[in-house]
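Understanding the architecture of this molecule
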Amino acid sequence: MKKNKTKQTAEMVKDELKQAYGKLTETVDWAQKKYNKLDNKTKKQITAGLIGAAALIAGAIGAKKMMKRKK
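Right, let's walk through the structure included here. (Residues numbered from 1 in each chain as written. Predicted model: local features only at pLDDT ≥ 70, side-chain atom pairs only at ≥ 80, totals over all residues. Heavy atoms only, no water.)

**Focus on the overall build of the protein chain**
Along the backbone of the protein chain there are 2 helices and 0 strands. For 71 residues, the compact-globule formula gives about 11 Å, and the C-alpha radius of gyration of the protein chain, at 20 Å, lies well above that figure. Principal-axis analysis of the C-alpha atoms places the extent of the protein chain at approximately 60 × 45 × 5 Å. Relative to its 71 residues, the protein chain shows a buried fraction of 1%. Summed over all atoms, the accessible surface of the protein chain reaches about 7,100 Å², with 63% contributed by carbon and sulfur. For the protein chain, the centre of its 19 positive side-chain charges and the centre of its 6 negative side-chain charges are spaced 12 Å apart. (Helix = DSSP H or I, 4+ residues; strand = E, 2+ residues; numbered from the N terminus. Rg over C-alpha atoms; globule rule 2.2 N^0.38 Å. Buried < 20%, exposed > 50% of the residue type's maximum accessible area, 1.4 Å probe, protein only. Areas by Shrake-Rupley, 256 points an atom, 1.4 Å probe, with all protein chains shown as cover. Lys, Arg positive; Asp, Glu negative; His and termini not counted. Charge placed at Lys NZ, Arg CZ, Asp CG, Glu CD.)

Shown next, in the form of structure tokens:
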């Protein structure tokens, strides 16, 4: 019985991941279409913003790791 329940849970997780992936793919496709319609100046601003956001996230992850090492 336990194996069957584990198998059902695994299938549910697999289905949820497929749904999430489908939604993510749709969102990326939508964003790419919008991005392609923009002028070069706006594209550069968006790219700079994304790079800045990625740097902030990387910095936060690095700071968290450093805090863990100090303990």
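**A look at a nonpolar patch on the surface**
Where nonpolar side chains cluster on the molecular surface, the patch consists of Leu38, Ile46 and Leu50 and spans about 250 Å² of accessible area. Mapped onto the secondary structure, Leu38 falls in the loop between helix H1 (2–36) and helix H2 (40–70). Its relative accessible area of 31% is what places Leu38 among the partly exposed residues. (Patch = residues over 30% accessible without salt bridge, like charges linked within 9 Å, V, L, I, M, F, W, Y side chains within 5 Å. Salt bridge = Lys/Arg side-chain N within 4 Å of Asp/Glu carboxyl O.)

**Observations regarding the side chain of Lys43**
Assignment of secondary structure puts Lys43 in helix H2. Within the buried set, Lys43 has no salt-bridge partner at all; the shortest N-O distance to an opposite charge, 8.7 Å, is to Asp39. When residues no more than four places from it in sequence are discounted, the contact partners of Lys43 are Tyr35, Asn36 and Leu38. (Contact = heavy atoms within 4.5 Å.)

**Comments concerning a positive patch on the surface**
Where like charges cluster on the molecular surface, the positive patch consists of Lys64, Lys65, Lys68 and Arg69. Among the structural elements, Lys64 can be located in helix H2. What makes Lys64 exposed here is its relative accessible area of 55%.

**Brief notes about the environment of Lys37**
Secondary-structure assignment places Lys37 in the loop between H1 and H2. Residue class for Lys37 comes out exposed when judged on its relative accessible area of 71%. Sequence separation of Lys37 and Glu11 is 26 residues, and the distance between their C-alpha atoms is 39 Å.

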